Amino acid sequence: MAMNPFTLKPMSQNKCFEDWDKLYPRTYDKRTVDPYTKVRIILMNGTEFESQWFLRNFARHCNNNDIRRAIALTRKIEQQQQKKISMLKPLDESTLETTISYEQLAVDLTAILAQTEPDPYVKAALDFALLEDFDHLYRYSDLLEMEEGIRGEELVGSYTEIMPGRPTIAEHRYPFDDVRRFAPRGSSDPLTNLHTMIITAAEQQTMNYYMNIGQTHKTDLGRRLYEEIAMIEEQHVTQYESLIDPNASWLEMALCHEYCECYLYYSMMQDETDPHVRDIWEAHFNMEVAHLHAAVENLRKYERKEWQQVIPVGEFPELLSFNGTSDANKKYVRNVLQNTVNNTSVLEEYTEVCNLPSDYEFFKYNRTVNKTPASVASHNVIEDYITECGEDYRFQEGTHPVKALRSRTSDNTSIGRTCPNE
């Protein structure tokens with residue numbers, strides 16, 4: 001049965017406030033939790049972060065205090081939602097363990113969106129960053145096993161393979177080459193509009209997380225790895241946010257944000273296997289319906305527009321689901337690896353690194369930040385693991401699809417970075 005949140009009767013926003021006991025929920029057990037429950041928690045925490053970023057910037061660019069009061073009410077409730085979700089993480093889960101779940105979300109969410117994305121250009125953007133987040137999962141997993149003795153496959157539940165992607169050393173690009181063409185909202189498929197907002201929020205949260213926790217890591221190697229990968233996450237946010245149509249008004253975008261949150265919470269409700277967490281998704285969905293209807297009223301009052309002028313079809317398109325996607329995701333990632341591992345970008349397009357002129361900015365910038373592989377943390381963490389254990393740590397269910405990345409005793413620092421014929 002189709003769900004259209006615009007047709008639901010909303011609760012009063014004043015009834016959305018909760019006391020401290022409700023805002024401090026029972027945490028999950030890291031030893032028994034389904035990895036995709038953790039992934040959903042991280043995704044929805046990032047969605048609430050995105051709401052904060054947007055509504056605060058809206059307030060700073062608005063001179064109408066009645067509008068600022070209206071969005072302050074919504075924003076306060078969104079803050080409570082974020083606090084509640086974040087507190088689901090248990091005390092005994094280390095920062096590095098949480099990082100593995102962040103990267104699992106990046107890999108599997110991107111693969112799921114790419115497989116259903118109707119716009120070929122947006123799909124190409126998802127495929128491009130997918131291989132980079134896949135490599136981050138591998139680098140962090142080797143650090144985790146080396147420093148904490150925890151194998152990554154125990155955390156990802158064997159849902160996601162752990163092996164090299166496009167090597168992180170090859171991902172460092174000149175800033176001009178991460179800006180994409182935006183997908184016009186009016187002519188784009190509803191799924192495309194949702195996908196660009198969802199992936200931007202998810203990657204932005206990862207960027208924020210690494211910006212704030214990297215320096216707290218207990219070893220220099222770990223601190224340097226967070227520092228390096230955080231710079232790639234900055235590139236990913238640049239790519240994904242540039243896909244979003246910038247031509248909407250602030251009130252129109254507020255409506256789109258609330259609609260996206262309704263879509264995600266409703267999707268998580270249908271997908272969640274933990275009854276306790278599912279109850280949170282349902283409660284938050286009802287709150288988001290209230291926020292959506294408030295956004296409708298603001299749009300009508302201050303711009304004299306109806307919601308259908310911004311979102312013509314209110315019924316949710318295909319819901320986002322993680323359950324049952326593992327095998328398809330693994331196959332999809334392997335296929336993208338096999339066919340595009342040597343890709344980089346040139347302004348708004350993608351091409352193999354061999355197609356670049358030798359004086360292109362990619363090479364200049366990459367050589368500037370990566371003076372030698374020995375100075376690059378993402379390379380050192382693998383080399384250190386190999387020195388200690390004889391071969392790298394991986395969880396793969398078959399031969400690596402890229403021949404140049406099959407070696408377990410050396411880390412490849414040239415693929416995707418230099419032309420193989422050189």
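Conventions used here
Residues numbered from 1 in each chain as written. Predicted model: local features only at pLDDT ≥ 70, side-chain atom pairs only at ≥ 80, totals over all residues. Heavy atoms only, no water. Helix = DSSP H or I, 4+ residues; strand = E, 2+ residues; numbered from the N terminus. Buried < 20%, exposed > 50% of the residue type's maximum accessible area, 1.4 Å probe, protein only. Pairing = 2+ DSSP bridges. Contact = heavy atoms within 4.5 Å. Expected span 1.5 Å × (residues − 1). Axes fitted to C-alpha atoms, helices over the stretch in contact; angles between N-to-C directions. Parallel < 35°, antiparallel > 145°, perpendicular 65-115°, else oblique. Left-handed = near helix turned anticlockwise from the far one by under 90°. Nonpolar A, V, L, I, M, F, W, Y, C, P; charged D, E, K, R; others polar. Phe/Tyr/Trp six-rings, centres within 6.5 Å; stacked < 30°, edge-to-face > 60°. Lys NZ or Arg CZ within 6 Å of the ring centre and 35° of its normal. Salt bridge = Lys/Arg side-chain N within 4 Å of Asp/Glu carboxyl O. Polar contact = N/O pair within 3.5 Å; in protein donor to acceptor, adjacent residues only side chain to side chain. Core = buried A, V, L, I, M, F, W, Y, C linked by side-chain atoms within 4.5 Å.

Peer 1: When you look at unusual backbone geometry in this model, what are you seeing that I'm missing?
Peer 2: Glycine aside, the phi torsion of most residues is negative, and most peptide linkages are trans. Although it is not a glycine, Arg304 adopts a positive phi angle of roughly 55°. Of note, Arg304 is situated in the loop between α9 (275-303) and α10 (326-340). Owing to a relative accessible area of 76%, Arg304 belongs among the exposed residues under this scheme. Unusually for a residue other than glycine, Leu347 sits at a positive phi of about 50°. When you line up the elements, Leu347 lands in the loop between β1 (343-346) and β2 (349-352). Judged by its relative accessible area of 41%, Leu347 is partly exposed.

Peer 1: Looking at this structure, how should I read the pairing of β1?
Peer 2: Put simply, side chains in a regular strand alternate between the two faces of the sheet. Of the strand pairs in this sheet, β1 and β2 are connected by 4 bridges, and their pairing is antiparallel. When the sheet's bridge partners are listed, Val346 is paired in β2 with Glu349. In textbook terms, the turn of a hairpin is the stretch between consecutive antiparallel strands, and for β1 and β2 this stretch comprises 2 residues, one of which, Leu347, has a positive phi near 50°.

Peer 1: Sorry if this is basic, but what is going on with the side chain of Ser326 here?
Peer 2: Mapped onto the secondary structure, Ser326 falls in helix α10. Non-local contacts of Ser326, meaning those with residues more than four positions away in its chain, are made with Tyr36, Ser158 and Tyr159.

Peer 1: What's the story with helix α3 (residues 95-116) in this structure? I'm lost.
Peer 2: Because each turn of an α-helix spans 3.6 residues, side chains separated by three or four positions end up pointing in the same direction. Here α3 is 22 residues long and its end C-alpha atoms lie 32 Å apart, about the 32 Å a rise of 1.5 Å per residue gives. Burial within α3 is extensive, with 19 of its 22 residues counted as buried.

Peer 1: I would appreciate a short explanation of the packing of helix α2 (residues 65-86) against α9 in the present structure.
Peer 2: The description of two helices packed together rests on the angle between their axes and the distance between the axes. Where α2 meets α9, the closest approach of the two axes is 11 Å, and the angle between their N-to-C directions is 165°. It follows from the interaxial angle that α2 and α9 lie roughly antiparallel. Note that α2 runs across α9; the crossing there is left-handed. Residue-level inspection shows Asp66, Ile67, Ala70, Thr74, Ile77, Glu78, Gln81, Lys84 and Ile85 of α2 in contact with α9, the latter providing Ile280, Trp281, His284, Met287, Glu288, His291, Asn298 and Tyr302. Residue composition of the contact of α2 with α9, by class: 8 nonpolar, 5 polar and 4 charged.

Peer 1: Can you help me understand the packing of aromatic side chains in this one?
Peer 2: Each pair of aromatic rings is reported with the distance of its centres and the angle of its planes. Summed over all chains, the structure comprises 20 aromatic pairs. On the basis of an interplanar angle of 70° and a centroid distance of 5.3 Å, the ring pair of Phe362 and Phe363 is categorised as edge-to-face. Relative accessible area serves as the criterion here: at 0%, Phe362 is assigned to the buried category. Members of the aromatic cluster, joined through ring pairs, are Phe6, Tyr259, Tyr263, Tyr266, Phe285, Trp307 and Phe316. Positioned above the aromatic ring of Tyr121 is the side chain of Arg181, whose terminal nitrogen or guanidinium carbon lies 3.9 Å from the ring centre.

Peer 1: Looking at this structure, I do not really get the packing of helix α8 (residues 250-271) against α9. What am I missing?
Peer 2: Two numbers describe how α8 lies on α9: the axes approach to 8 Å, and their chain directions differ by 160°. If you check the angle between α8 and α9, you find them roughly antiparallel. Judged by the sense of rotation from one axis to the other, the crossing of α8 with α9 is left-handed.

Peer 1: I tried to follow the pattern of salt bridges on my own but got confused; where do I start?
Peer 2: If charged atoms from side chains of opposite charge come close, those side chains can pair. In the structure shown here, the tally under the stated rule is 28 salt bridges. Between Arg40 and Glu272 there is a salt bridge, and its shortest N-O distance comes to 3.3 Å. Taken as a pair, Arg40 in helix α1 (residues 35-60) and Glu272 in the loop between α8 and α9 lie far apart in primary sequence, 232 residues in all. Assigned by exposure class, Arg40 and Glu272 land together as buried. The salt bridge partner of Glu297 is Arg300, with a shortest N-O separation of 2.5 Å. Note that Glu297 and Arg300 are positioned in helix α9 at a spacing of 3 residues, about one turn of the helix. Residue class for Arg300 comes out partly exposed when judged on its relative accessible area of 32%. The network of salt bridges with shared partners includes Glu132, Arg166, Arg173, Asp178 and Arg180.

Peer 1: In this structure, what is going on with α2? I would like to understand it.
Peer 2: In this model, α2 (22 residues) spans 30 Å end to end at C-alpha, consistent with the 32 Å of a helix rising 1.5 Å per residue. All buried positions along α2 are accounted for by Ile67, Ile71, Thr74, Arg75, Ile77, Glu78, Gln80, Gln81, Gln82, Lys84 and Ile85. Along its buried surface, α2 packs onto α1, α8 and α9. The backbone nitrogen of Asp66 has a side-chain oxygen 2.8 Å away, supplied by the residue at the start of α2, namely Asn64.

Peer 1: Even after reading the chapter, I still don't get the environment of Phe182, so can you show me in this structure?
Peer 2: Here Phe182 lies in the loop between α5 (152-156) and α6 (190-213). Counting along the chain gives 59 residues from Phe182 to Glu241, while the straight-line C-alpha distance between them is 8.5 Å. In this view, Phe182 contacts Ser242, Leu243, Ile244, Asp245, Pro246 and Asn247; residues no more than four positions away in its chain are not counted.

Peer 1: I would appreciate a short explanation of the nonpolar core in the present structure.
Peer 2: A general trend in soluble globular proteins is that nonpolar side chains are found buried together. Core analysis: the biggest nonpolar cluster contains 112 residues, and Leu43, Leu109, Leu255 and Trp281 have the highest contact counts within it. Among the elements that take part in this core, helix α4 (residues 120-148) stands out by supplying 15 residues, more than any other. When residues no more than four places from it in sequence are discounted, the contact partners of Leu43 are Leu105, Leu109, Ile198, Ala202, Leu264, Met268, Leu320 and Phe322. Of all hydrophobic cores here, the second largest spans 5 residues; its members include Val353, Leu356, Phe362 and Phe363.

Take it as geometry only, folks, not as evidence of what the structure does.
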